[in-house]
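Secondary and tertiary structure notes
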Amino acid sequence: MEQAQAVGIDRPGYMVAAKILYNSPLMRSPELFQKKFSILQEISSAMVITDDITAIANLMLDLAINYTNAEKGSLMLLNERGDLYVLAARGIDSQSIKNYRVKLGEGIAGTVAKTQCPVLVEDIDRDERFRRSTKRDHYKTRSFISCPVVSKNTLHGVLNINDKRDGTPFAEDEFDLITIIANQAAIALENASLMNQLRAKAAELEDINKKLIETDVAKTEFIASISHELRTPLNSIKGAIYYLQQSGKMAEHEQSEFHGIISSETDKLISIVEDLLDFLRLEDEVRVIKKSIINLADILGEIRSSKSLNVMLARKNVKLKIDIKDGISDIVGDKIRIVQFFINLIEGLVHYLDWGESIEIAADEDDFVRIRLSLSRRLPQSILPYLVNSRHLFHTNQPEEKLKLYLAKRVAEFHKWNIAAENLDDGFAVYITVPKSKREQIEAVVDTTMELFIEFISELLDINICSIMLSNELTGELSIKSAKGLDEDVIKRTRIKPGDRVAGWVALEGKPLLIEDIESDPRFERSNVMQYNTKSLLSLPLKTSDRVIGVLNLNNKKTAEPFTKQDLYIASLLCDRISHFIERLYTDDYSDDDFRQFVSSFDSLINAEKRYHKKNRFIQELMSLIMDELGVSEDDRRAAIYISMIYDLGLMLIDESILKKKELSPLEHRILKVHSYTTVGLLNGFEFSEQVKTAILHHHERYDGSGYPDGLKGEEIPLISRSLSVVDAFCAMITDRPYKEALSRDEALAEIKKGAGTVYDPKVVEALERVLCKLQDDGV
């Protein structure tokens, strides 16, 4: 323990690991102990370098694989449904693990997760625990290690290590260290999870602020509307009354005329007020647009921790019990409003309870999700209209508790939930029936994911204005699903028929459109074109099975330059990914868990793209020209350009100070080596091309086989990876870094040529030299 403190280790995770080491057989060999203790230090240091879950998983798995000299391994995490899924893997086919799920208690990993006991198996054929549990046809050896990833009695997942390269069984000392790595992984993953929750809360607060601003705007518009609409009839009534009062004796027919004016204008007033109330109701319903997939247990847990609610419960010592069965389907709705619904409902009902009574919330499901609130006493019949009568109007002289029940009912109506209530013999019950609509779930997913795609595209292509429009299945009319740089009013009200304007033309023709100057294009009259800040724009169809389902519109490059064919290539590839994602959603190829993982990784992807430092157009241009020199197909060239824009995104999840260092420690080298896995992990939610993922994964392989991650050699390395390796190194050499000055192009080329045949593919190096000569001749 003194050694632990001597190297500055004083946190709980370190001490637990140190105790394991101290009491293990490793202490019999001080040299072995010191070696493994230093690895423990590296793991602990890594925990402060990144808080991205995918990066942590890959780093921990890499450490475990490298230490044990294993060929295969995986780190599995537990999802919200209690299934294990593979987050990071080595030596295992990516397609086979894509939809792989293991329930607790099933197979080896499921058993280890359920018992939370690590296992070392030297020969599975002789081990009674697992001999019949699973087939191991895809493994070369019969020995493996499987450790639960647990912190504070909470299971996060399982770390599995298989197939030592030399074919020998795993040993006790390797088992001890894998156990330590699993323990440290649990701490790191828990911290990363907390950071994700913090980011999610920050996003929610931002959304709440946005809604408050929208409410203020709506209130101002409503007041202005009332002022305008009511002024004329009120002035007419006032004038009629004035003449009646001032006229003294007036003939009956003259009085009748003014009475008629008053009656007519009063009717107008009633009509105006009714129209305004209808407008408010419609606006309320329109504003429920931030629909998302919501886990009922999570949202009720959040409500249970509400400070204002707990203060109210404490005043009467009311007990709130929540009993939600495992596996209840997610519901669809506006999360902020649903939170308001439950808080208003509970606070409104608590008013009628006495000291020490209780409210219980339970839920189950059949064709619907059914939520029941049970109170321990009967309530006055007079409150039922505020909960169940949709025509019951709330009056301003009613007390606060009834207002809360009325507001809760309104939220239920907005979401098309059925709400009923009744007095029972021994209490009171409120029944909430939530429809389970697969289509509504898909639409909520589309709403959320299109926002993420727009954010990513705007960062990747460096543009100010872009939008995704999807078509109505019946009419074909295009409406904006998500946009950046457009007014909210434009987003809500824009509807374009096939053939109208630019987007309508693209939807009708099913062809992409690159316009350098919209004002001089004879196909589109200026009156039919939305007013942009620049004259150049891109509009591309989104297609599934040759059917146009929408349009991607791009405008206003931050550089103010016109769009190019290269922009068109990249945008086309992005459209393919959006279309593929939507198609998967509508063919039930995405589960709720897939969606949650996708949103989480996409948030990280966008944050990484915002910080990405390799947005230099020269990288893409060089990649394109080298592909031309190598004579690849047009599809491969486009893929290569796309890859050159995203290949190092995983670096953005690593502490920036490491990227600026001239010399790196062994740990920092390990961290950098997993960044290609992290990049693929960031893209995994929507990137369907194995070519793209493989090229990114292997762009640090060396031609002589001494590179990473798999030590591929020569032609084994994908051509795009070999080309990217040369382009990346060359561009790094001609760029100023904190630790070195930039080289000239000639100096950088000379360095690259030195590595031809060892580090780099000689053919690619020759192609680079030819490209640079042509650029020099062109004065570029």
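In this text, all values refer to a predicted model and were calculated from it rather than measured experimentally.

So, on to the overall build of the protein chain. A tally of regular secondary structure across the protein chain gives 27 helices and 19 strands. Across the 780 residues of the protein chain, 48% fall into the buried class. For the protein chain, restricting intrachain contacts to residue pairs at least 6 apart in sequence, the fraction spanning at least 24 positions comes to 66%. With an accessible surface of roughly 38400 Å², the protein chain has 50% of that area assigned to carbon and sulfur atoms.

The tally for this structure, following the rule as stated, stands at eight aromatic pairs. Seen from their ring centres, Phe341 and Phe342 are 5.0 Å apart, and the 75 degrees between their planes marks the pair as edge-to-face. You'll find Phe341 and Phe342 in the same group, each marked buried. Taking 5.4 Å as the distance between ring centres and 70 degrees as the angle between the ring planes, the aromatic pair formed by Phe453 and Phe686 counts as edge-to-face. Taken together, the residues span a long stretch of sequence, with Phe453 in helix α14 (residues 438-461) and Phe686 in the loop between α23 (675-683) and α24 (690-697) at a distance of 233 residues. Across the pair, Phe686 and Phe453 agree in class, each one buried.

Moving on, we get to the environment of Asp176. With respect to the helices and strands, the residue Asp176 is situated in helix α7 (residues 172-246). Placed 58 residues apart in sequence, Asp176 and Pro118 show a C-alpha to C-alpha distance of 9.6 Å.

So, about the environment of Phe686. Residue classification places Phe686 among the buried residues on the basis of a relative accessible area of 3%. When the C-alpha atoms of Phe686 and Ile582 are compared, they prove to be 9.8 Å apart, with 104 residues separating the residues in sequence.

Overall, the prediction assigns the protein chain a mean pLDDT of 82, with 85% of residues at 70 or greater. When pLDDT is averaged over each element of the protein chain, helix α25 (residues 719-733) comes out on top at 95 and helix α1 (residues 2-6) at the bottom at 36. Predicted confidence for residues 527-531 stays below pLDDT 50, and this span has six contacts to residues more than four positions away or in other chains.

So, how was this worked out
- All chains use their own residue numbering, which begins from 1 and follows the written sequence.
- For this predicted model, a pLDDT threshold of at least 70 governs which residues receive local features, and a threshold of 80 or more governs which side-chain atom pairs are given and counted, while totals over whole chains, interfaces and linings are taken from all residues.
- For side-chain calculations, the full set of non-hydrogen atoms in the structure is used, while hydrogens and water are omitted.
- A run of DSSP states H or I qualifies as a helix once it reaches four residues; a run of E qualifies as a strand once it reaches two. Both are numbered from the N-terminal end.
- Burial classes follow relative accessibility: with a 1.4 Å probe on protein chains only, a residue under 20% of its type's maximum area counts as buried, one over 50% as exposed, and anything between as partly exposed.
- We call two residues in contact when some of their heavy atoms are within 4.5 Å.
- The protein chains shown are the only cover counted for residues, whose accessible areas, like all others here, come from Shrake-Rupley with a 1.4 Å probe.
- Each Phe, Tyr or Trp ring (for Trp, its six-membered ring) is paired with any other whose centre lies within 6.5 Å, and the angle between the two planes then decides the class: stacked below 30 degrees, edge-to-face above 60, tilted in between.
- The quantity known as pLDDT measures the predictor's confidence residue by residue, on a range of 0 to 100.

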